[in-house]
Amino acid sequence: MPAICDLSKMKNVYFAGIGGISMSSLALILKNRGILVSGYDFKESETTKMLTEKGIKIDYTYDNAVFPEADTVVYTAALGQDDPILVRARDRGLDIFTRAELLGAITGDYKHSVGVAGTHGKSSTTGFLAEICLAANNDSTILAGAVMPSVGSTYTVGNGDCAVFEACEYKNSYHSMYPTIKTILNVELDHVDFFGNLENVIESFRKYISKPGKNGENIAVINLDNENAVKAAENTDADIRYFSIKDKTDYYAQNIDLSDGYGEFDVIKKETLLCHVKLSIPGIHNVANAVAAAASADLCGIDKAAIKKGLESFIGVKRRFEKVKKLDSGAIVIDDYAHHPDEITVTLNSAKKVAKGKVICIFQPHTYSRTKALFNDFVKALSIADKVLMAPIYAARETDTLGVSSDDVAKKIENAESLYSFESLRERATELAEKGDLVITMGAGDVYKVFQK
């Protein structure tokens, strides 16, 4: 019988893949609870350096990853079951849990818990909710997928009755989570190495929506404007509440003004004004994210004054349209995590509204399988930019067996070229950029390093 993820039984926990955003947050949460924590990652990063500074021992080779004192191993979904760390843990009879199971254990006992799910927009929506909770001063626990400027971290642990976290669909991780409110931003084909097709993605979201919280409550906040999200919510027992930026429904945006690229609008709850908002981050997609956050916060019982203040205070999370540098030419460098064609589309359209000049996109595809499966969608989305500079594909967990490259993508885009080093990408972008231009480094890999020296 599988072990139950019981925090009270954990004394010494080893994290396999500790350098990930969510894994590192969970490791710090356990450490703050007095549990001994250590871990493994395949390479040193800014995150692992931070963990080491906080007193967490990290191994970078499998030979050193022996964790003799551990009673529990937590592992990321990217690891296969034949991974040496998991083999060692099984041989020793240790308790073994996925990242998602630990997250589910931590967040499952709150009166209100909001699991933000969707193919894209999770971190920004979680960031909106974090600001709302801070404005409400309700001492919430927040677990985000990116650094939140207001707390200087990916997480904050409170003693209140509300928790907000990102619920990732990859390998059905969110099926191990039990939020009382499931916020579904969108459902699109992604993680093709696992799901294979869109129908499997929709069915996965349907199972997530169907799972009640541990207290029995099961509210689902569904994006009415996303056909697949609506489809995923069909034939479930959840208490469905819809949000929209197009139609009148349970929660919706009205009188939207995007004239300067930054949304100003009314948030309406069943035809009654909840609040008027002027956002500090650009794009119509963030209007939708803000309405989703407002709906989720209202269902947690947070008052409308805090909702308004929180939405207006949010300045974005790290690597989401983040301003990182001004070039000598006067051009601004923006960094963004977008790595799916839908994300690229909304980010580049937002950039076109904000930029006074050209939009130059330095794009690093993330995984061969995604690039191959969504090839034409990538070409269409990237074509929105005035100029595209392609970096080599970031392999992540994959090897090059699909016969696709960044060169192939660049050849299909009218004003694109492919370069092979961060130095050459930086030099070419700097050569092209003029005052008023926006240069965007984009992707889920390490493309953000292009302008780091």
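A quick note: this is a predicted structure, and the numbers were derived from the prediction, not measured.

K.L.:
What is the right way to read the overall build of the chain from this model?
P.N.:
Along the chain, the regular secondary structure elements total 15 helices and 21 strands. In summary, the chain has a C-alpha radius of gyration of 22 Å against a globular reference of 22 Å for 453 residues, a match within 12%. Viewed in the frame of its principal axes, the chain has a C-alpha envelope of about 60 × 55 × 40 Å. Out of the 453 residues in the chain, the part that is buried amounts to 57%. Relative to all contacts within the chain whose residues are 6 or more apart in sequence, the contacts with residues 24 or more apart total 65%. For the chain, the exposed surface amounts to about 19,000 Å²; the carbon and sulfur share of it is 48%. Taking the average place of the 52 positive charges on the side chains of the chain and the average place of its 61 negative ones, the gap between the two points comes to 2 Å.

K.L.:
Can you help me understand the pairing of strand β6 (residues 112-117) in this one?
P.N.:
As a general feature of sheets, a regular strand has side chains that alternate between the two faces. The element β6 is largely enclosed, with a buried count of six among its six residues. Burial of the side chains of β6 extends over both faces: H112, V114 and V116 are buried on one face and S113, G115 and A117 on the other. One ladder, built from five bridges, connects β6 with strand β9 (residues 162-166); its direction is parallel. Considered in β9, the bridge of V116 is made with E166.

K.L.:
Explanation requested: the pairing of strand β18 (residues 359-363) in the structure shown.
P.N.:
When you tally the buried positions in β18, you get five out of five residues, the bulk of the element. Every second residue of β18 is oriented toward a common face, with V359, C361 and F363 on one face and I360 and I362 on the other, all of them buried. Where β18 and strand β21 (residues 438-442) come together, five bridges link them in parallel fashion. Bridge pairing in β21 links C361 to I440.

K.L.:
I would appreciate a short explanation of helix α9 (residues 284-299) in the present structure.
P.N.:
It helps to recall that an α-helix has 3.6 residues per turn; residues three or four apart then point in one direction. Look at α9: 23 Å from first C-alpha to last across 16 residues, which is about the 22 Å you get at 1.5 Å a residue. By the criterion of burial, α9 is predominantly enclosed, with 14 of the 16 residues buried. Phi turns positive one or two residues past the end of α9, at G301, with a value near 85°.

K.L.:
Mind showing me how you'd approach the packing of aromatic side chains here?
P.N.:
The description of two aromatic rings rests on the distance between their centres and on the angle between their planes. Scanning the model with the defined rule gives eight aromatic pairs in all. An aromatic cluster of three or more residues is present, and its members are Y170, F194 and F195. Sitting over the ring of F67, R92 keeps its end group 4.9 Å from the ring centre. Over the ring of Y208 we find K182; its NZ or CZ atom is 6.0 Å from the centre of that ring.

K.L.:
Whenever I open this one, the sheet that holds strand β13 (residues 251-257) confuses me. Can you help?
P.N.:
Spatial strand order, β8-β7-β9-β6-β10-β11-β12-β13-β14-β15: ten strands in an open sheet with mixed pairing. Of all the strands in the sheet, the pair left with one neighbour each is β8 (153-156) and β15 (272-282). Across the sheet, the mean angle separating the axes of adjacent strands is 20° when strand polarity is ignored. Summarising the sheet, strand β11 (residues 219-223) and strand β12 (residues 239-244) pair through five bridges and their orientation is parallel. Within β12, the residue paired with I222 across the bridge is Y242.

K.L.:
Can you help me understand the sheet that holds strand β4 (residues 72-75) in this one?
P.N.:
Note on sheets: strands pair through backbone hydrogen bonds, and any given pair is parallel or antiparallel. Strands sit in the order β3-β2-β1-β4-β5 across an open sheet of five strands; the sheet is parallel. This sheet does not close on itself; its edge strands, each paired only once, are β3 (57-59) and β5 (95-98). Across the sheet, the axes of successive neighbouring strands diverge by a mean angle of 20°, strand direction being ignored. By the bridge criterion, five bridges tie strand β1 (residues 12-16) to strand β2 (residues 36-40) in an arrangement that is parallel. When the bridges of β2 are listed, Y14 appears paired with S38. With respect to the sheet, helix α4 (residues 99-107) is in contact with β1, β4 and β5, its orientation differing from that of β5 by roughly 85°.

K.L.:
Explanation requested: the packing of helix α11 (residues 341-354) against helix α13 (residues 375-382) in the structure shown.
P.N.:
A pair of packed helices is characterised by two quantities: the angle between their axes and the separation of those axes. Close contact between α11 and α13 brings their axes to 9 Å; oriented N to C, the two are set at 5°. It follows from the interaxial angle that α11 and α13 lie roughly parallel. Contacts between α11 and α13 involve P341, I344, T345 and L348 from the first element and D377, F378, A381 and L382 from the second. Here the contact of α11 with α13 is composed, by residue class, of six nonpolar, one polar and one charged.

K.L.:
So what exactly am I meant to see when it comes to the pattern of salt bridges here?
P.N.:
If you walk through the whole model with that rule in mind, you get 16 salt bridges. Of the charged contacts in the structure, one is a salt bridge between D298 and K269, with a shortest N-O distance of 2.9 Å. Taken together, the residues D298 in helix α9 and K269 in strand β14 (residues 262-269) connect sequence positions 29 residues apart. Two residues, E312 and K308, come together in a salt bridge whose shortest N-O distance is 3.1 Å. Remark: K308 and E312 occur in helix α10 (residues 304-313); sequence separation between them is four residues, near one turn of the helix. Judged by its relative accessible area of 27%, E312 falls in the partly exposed class. Residue K308 is classed as partly exposed on the basis of its relative accessible area, which comes to 30%. One salt-bridge network, held together by shared partners, links K387, E417, R428 and E431.

K.L.:
Whenever I open this one, helix α15 (residues 422-432) confuses me. Can you help?
P.N.:
If you check which residues of α15 are buried, you get S424, L425, R426 and A429. For α15, the elements touching its buried residues are β18, β19 (387-390) and β21.

K.L.:
Could you clarify how one ought to interpret the environment of G261 in this entry?
P.N.:
In this structure, G261 sits in the loop between β13 and β14. Between the C-alpha atoms of G261 and N137, which are 124 residues apart in sequence, the distance is 30 Å.

K.L.:
Help me understand the nonpolar core in this model?
P.N.:
A general tendency of soluble globular proteins is for nonpolar side chains to be buried together. Core analysis: the largest hydrophobic core is formed by 46 residues, its most contacted members being M10, F15, L30, L102 and I184. Looking at this core, the elements that each hand over two or more residues are β1, α1 (21-32), α4, α7 (198-210), β11 and α8 (227-233). Leaving out residues up to four positions away in the same chain, I184 has contacts with A117, F205, Y208, I209, V221, I222, N223, A229 and F243. In this structure, A146, I181, L185 and C275 belong to the second largest nonpolar core, which totals 45 residues.

What counts as what
- Residues numbered from 1 in each chain as written.
- Predicted model: local features only at pLDDT ≥ 70, side-chain atom pairs only at ≥ 80, totals over all residues.
- Heavy atoms only, no water.
- Helix = DSSP H or I, 4+ residues; strand = E, 2+ residues; numbered from the N terminus.
- Rg over C-alpha atoms; globule rule 2.2 N^0.38 Å.
- Buried < 20%, exposed > 50% of the residue type's maximum accessible area, 1.4 Å probe, protein only.
- Contact = heavy atoms within 4.5 Å.
- Areas by Shrake-Rupley, 256 points an atom, 1.4 Å probe, with all protein chains shown as cover.
- Lys, Arg positive; Asp, Glu negative; His and termini not counted.
- Charge placed at Lys NZ, Arg CZ, Asp CG, Glu CD.
- Pairing = 2+ DSSP bridges.
- Expected span 1.5 Å × (residues − 1).
- Phe/Tyr/Trp six-rings, centres within 6.5 Å; stacked < 30°, edge-to-face > 60°.
- Lys NZ or Arg CZ within 6 Å of the ring centre and 35° of its normal.
- Axes fitted to C-alpha atoms, helices over the stretch in contact; angles between N-to-C directions.
- Parallel < 35°, antiparallel > 145°, perpendicular 65-115°, else oblique.
- Nonpolar A, V, L, I, M, F, W, Y, C, P; charged D, E, K, R; others polar.
- Salt bridge = Lys/Arg side-chain N within 4 Å of Asp/Glu carboxyl O.
- Core = buried A, V, L, I, M, F, W, Y, C linked by side-chain atoms within 4.5 Å.

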